Amino acid sequence: MLASGSGTNLQTLIDDPDVKGHIACVVSDKPSALALERARQGGIPAEVVSWGKHGSRELFSIALADVVEKHGGKGVILAGFMRILSKPFVDRFPGRVINIHPSLLPSFPGRRAVEDALSHGVKVSGVTVHFVDEQVDHGPIIAQRAVPVRSDDTVETLHARVQEEEYQLYPEVVRAFVDGRLGLVDGKVVWD
Ligand code: GRF
């Protein structure tokens, strides 16, 4: 699992008895990430691969993949990981990297998804879980849930509503993935 921030999605996965035993490690680019503390509290190995110590995105991505493999990780779940992963990383785990994003992709990719959705005045936003490719917030869509946008929403209130859906959807998808019921075949998402 890769996480950069508070790790509330990570927590829902740690709390899921069908998922927890499959989490080989939690890796962050930020030593202060609360996600690392959540991992330690859950008895899961936690490591930092700092962005600054590596000269390029490629070298950072390779170091990250090395740490995941060192812990025996066969797939990678991104839970609020805020760095862009390059092709050398994605190629090490073909069809086995999954991300969650707080909008209905392909609308509003990027770090400011909730803010962008609000400023465009959309009436419905949501959450997307997708396989990761080398482009940002791109790749075959696994599942989506819609969330209504209210006229008095702020970034905080809308993000909170989106996160409630995330906490239901991500464990569902990750359970299917670790059970081998979800995969990517010839670029297509396949559920058993
Ligand atoms: C989530 O909204 C997720 O969709 C996005 O980053 C946020 C992470 O939140 N990729 P948290 O760290 O799980 O609380």
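This text goes with the structure placed above it.
Residues numbered from 1 in each chain as written. Predicted model: local features only at pLDDT ≥ 70, side-chain atom pairs only at ≥ 80, totals over all residues. Heavy atoms only, no water.

Caption draft 1: Region of the structure containing the overall build of the protein. Scanning the protein for helices and strands turns up seven helices and eight strands. Computed over the C-alpha atoms, the radius of gyration of the protein is 16 Å, within 12% of the 16 Å expected from 2.2 N^0.38 for a compact globule of 192 residues. With respect to the three principal axes, the spread of C-alpha positions in the protein is 50 × 40 × 30 Å. Counting across all 192 residues of the protein, residues that qualify as buried make up 45%. Between the centroid of the 21 positive side chains of the protein and the centroid of its 25 negative side chains there is a distance of 3 Å. (Helix = DSSP H or I, 4+ residues; strand = E, 2+ residues; numbered from the N terminus. Rg over C-alpha atoms; globule rule 2.2 N^0.38 Å. Buried < 20%, exposed > 50% of the residue type's maximum accessible area, 1.4 Å probe, protein only. Lys, Arg positive; Asp, Glu negative; His and termini not counted. Charge placed at Lys NZ, Arg CZ, Asp CG, Glu CD.)

Caption draft 2: Representation of helix α4 (residues 57–70). For α4, built from 14 residues, the straight-helix expectation of 20 Å at 1.5 Å per residue is met to within 8% by its first-to-last C-alpha distance of 20 Å. Every buried residue of α4 is listed here: Phe60, Ser61, Ala63, Leu64, Ala65, Val67 and Val68. Where α4 is buried, its residues contact β1 (26–28), β2 (46–48), β3 (76–77) and α5 (87–92). Glycine 72 lies just past α4 and shows a positive phi near 85 degrees. (Expected span 1.5 Å × (residues − 1). Contact = heavy atoms within 4.5 Å.)

Caption draft 3: Structural detail: unusual backbone geometry. In this structure, the amide linkage connecting leucine 105 to the following residue, proline 106, adopts the cis form with an omega of 15 degrees. Mapping proline 106 onto the fold places it in the loop between β4 (97–101) and α6 (113–120). With phi around 50 degrees, aspartate 137 is a residue other than glycine that occupies positive phi space. Note that aspartate 137 resides in the loop between β5 (124–131) and β6 (141–148). Look at aspartate 137 and you get buried, because its relative accessible area is 17%. Positive phi, normally seen in glycine, also occurs at aspartate 186, with a value near 50 degrees. Mapped onto the secondary structure, aspartate 186 falls in the loop between β7 (182–185) and β8 (188–191).

Caption draft 4: Broad picture of the environment of leucine 118. With respect to the helices, strands and loops of the structure, leucine 118 is situated in helix α6. Setting aside anything within four residues of it in sequence, one finds leucine 118 in contact with Val149, Asp153, Thr154, Val155 and Leu158.

Caption draft 5: Representation of helix α3 (residues 34–41) in the model. For α3, the complete set of buried residues consists of Ala35, Leu36, Arg38 and Ala39. On an axial view of α3, the arc spanned by its buried residues comes to 160 degrees, and they lie on one face. Those residues of α3 that are buried lie in contact with α1 (8–14), β1 and β2. Positive phi shows up at glycine 43, right after α3, with a value of about 75 degrees. (Arc of directions from axis to C-beta.)

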